[in-house]
Structures are given as C-alpha cells and as structure tokens.
Amino acid sequence: MSQRDSGYERKELDRYETPEWVTMALVPHIRERIIGSIYEPAAGSGKMVAALAKAGFMVNADDLSEGRDFLQCPFANMPAIITNPPYSLAREFIDRALKLTRPYGLVAMLLRTDYDHAATRRDLFEQAPFAKKLVLTKRIKWFEDSKGQPSFNHAWFIWDWKHDGPPTLAYGP
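Predicted, not measured: the structure shown is a model, and the values here were computed from it. (Residues numbered from 1 in each chain as written. Predicted model: local features only at pLDDT ≥ 70, side-chain atom pairs only at ≥ 80, totals over all residues. Heavy atoms only, no water.)

## Side note on unusual backbone geometry
Look at the link from Arg102 to Pro103: it is a cis peptide, with omega at 15°. Within the fold, Pro103 resides in the loop between helix 3 (90-101) and strand 4 (106-112). (Helix = DSSP H or I, 4+ residues; strand = E, 2+ residues; numbered from the N terminus.)

This is how it looks when you write it as structure tokens:
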C-alpha cells in the first residue's frame, strides 16, 4: 500500500511544529517520572516548550536554527529529553538522547506510529529500557490553516533508564 501525497512541500529542517494537544497527551505518562528539567533539542518556535511549561515542567530548549546542534551537544546526565525530532534524523536523535540520559533519565520522541517496525531499528528498542508506546488516536494537523487531511499516524516512544519489565502500550487522544 502506498502513502498518499499530502500536496505540500517538505518544510526546511523538517520544521513541523507540534500542536499543544500532542504534547499534553504525553504529560500523564511522564509526570511522576520527571525530576528536574526537560531538555527540548528541536524546539522550533517553542510550541512544545510552552505546553510542557504549562504542565508545570521546567524546560530548557535549543534548536539548530539558533546554531545549536543537538547531535554535537556536550551535555551529559540529563534527566529528560523530549522532542519531535526531524524525521530524517530520528535515529541519530534517539541514539544521542539515550547516551545523554543514561543511566537514570527518560527520553520521549514523537515519531510515526510504525517507527518500531523496521528490523534496522531493532537495537533502539533493545539497547535501552524501552518503556512505552503511546499511540495517538487522532492524526496530527501540522498547519492550523491547512484544509487538507493528515496522512500519517503518530505515537510517543518513551525510553526510561529506570524502567524494569516489558514495555506497555497506551492510547491517547
């Protein structure tokens, strides 16, 4: 089955701003686990940062457009990294985030629902404690003025270095 063409040009740097409801769907699944600040490395204009702050979290943010490249980030031992990574760099973002949050932190990435279906990505779900997949039951409308319909399903993928046991599956709005 082929994917339908949205009719829109790709955005430079994969700049697809995450609507507030998408971030808020994640909050109940991480609230008890986050101690300290969250780092958002692909913040764009800050929609996700604003939603996380509205939920009561302390958030630090960067973006490549400001000259700060997450893949070259010198930090370590971050308590949490949450982002909607550029899809073309998702694997690199996950790898980097897992290294930066080890051994106690949490990573949440917004990805297409089938991201975990590729054999070439299997190691991402085995090398660190993959804790939960939160499937969004509504499709994301990336542009407020868009008249078109979204063509992809998305989910939050959550890795938690403190997680013990098999991953769980949950459904959000």
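## Structural notes on the sheet that holds strand 2 (residues 59-61)
An order of 2-1-3-4-6-5-7 is seen for the 7 strands of this open sheet, with the pairing classed as mixed. Only two strands of the sheet have a single partner each, and these edge strands are strand 2 and strand 7 (168-172). Averaged over neighbouring strand pairs, the angle between their axes works out to 25° when direction is ignored. Of the pairings in the sheet, the one linking strand 5 (residues 130-136) to strand 7 comprises 5 bridges and is parallel in character. Paired with Val135 across the two strands is Tyr171, which belongs to strand 7. Contacting strand 1 (38-40), strand 2, strand 3 (80-83) and strand 6 (154-160), helix 2 (residues 47-54) runs over the sheet at an angle of about 170° to strand 2. Sheet contacts for helix 3: strand 3, strand 4 and strand 6; angle to strand 4, the most-contacted strand, approximately 170°. (Pairing = 2+ DSSP bridges. Axes fitted to C-alpha atoms, helices over the stretch in contact; angles between N-to-C directions. Contact = heavy atoms within 4.5 Å.)

## Points about the environment of Arg139
Residue position: Arg139 is located in the loop between strand 5 and strand 6. Relative accessible area serves as the criterion here: at 37%, Arg139 is assigned to the partly exposed category. When the C-alpha atoms of Arg139 and Pro150 are compared, they prove to be 6.1 Å apart, with 11 residues separating the residues in sequence. (Buried < 20%, exposed > 50% of the residue type's maximum accessible area, 1.4 Å probe, protein only.)

## Some details on the pattern of salt bridges
Counted by the stated rule, this structure contains 8 salt bridges. With a shortest N-O distance of 2.6 Å, Glu126 and Arg122 are connected by a salt bridge. Like Arg122, Glu126 is exposed. Sharing partners across several salt bridges, the network here consists of Asp62, Glu66 and Arg68. (Salt bridge = Lys/Arg side-chain N within 4 Å of Asp/Glu carboxyl O.)

## Notes on helix 2
For helix 2, the complete set of buried residues consists of Met48, Val49, Ala51 and Leu52. Looking down the long axis of helix 2, one finds its buried residues gathered within 165° of arc, a one-sided arrangement. Contacts from the buried residues of helix 2 go to helix 1 (20-30), strand 1, strand 2, strand 3 and strand 6. (Arc of directions from axis to C-beta.)

## Topic: the nonpolar core
Counting residues in each nonpolar core, the largest one holds 27 residues, and the members touching the most others are Ile30, Ile38, Phe57, Ile82 and Trp156. Of all the secondary structure elements, the ones that give two or more residues to this core are helix 1, helix 2, strand 3, strand 4, strand 5 and strand 6. For this core, the element with the most residues is helix 1, which contributes 5 residues. Setting aside residues no more than four positions away along its own chain, Ile30 makes contact with Phe57, Ile82, Leu106 and Ile158. Of all hydrophobic cores here, the second largest spans 24 residues; its members include Ile81, Ile94, Leu111 and Leu124. (Core = buried A, V, L, I, M, F, W, Y, C linked by side-chain atoms within 4.5 Å.)

## So, the confidence of the model for the protein chain
Confidence along the protein chain averages 88 in pLDDT terms, with 89% of residues attaining 70 or more. Within the model, the stretch residues 1-10 combines pLDDT values under 50 with 12 contacts to residues more than four positions away or in other chains. (pLDDT = per-residue confidence, 0-100.)

## Topic: the side chain of Asp63
Among the structural elements, Asp63 can be located in the loop between strand 2 and strand 3. Looking at Asp63, its side chain comes within polar contact range of the main-chain nitrogen of Ala43, at 3.2 Å. (Polar contact = N/O pair within 3.5 Å; in protein donor to acceptor, adjacent residues only side chain to side chain.)

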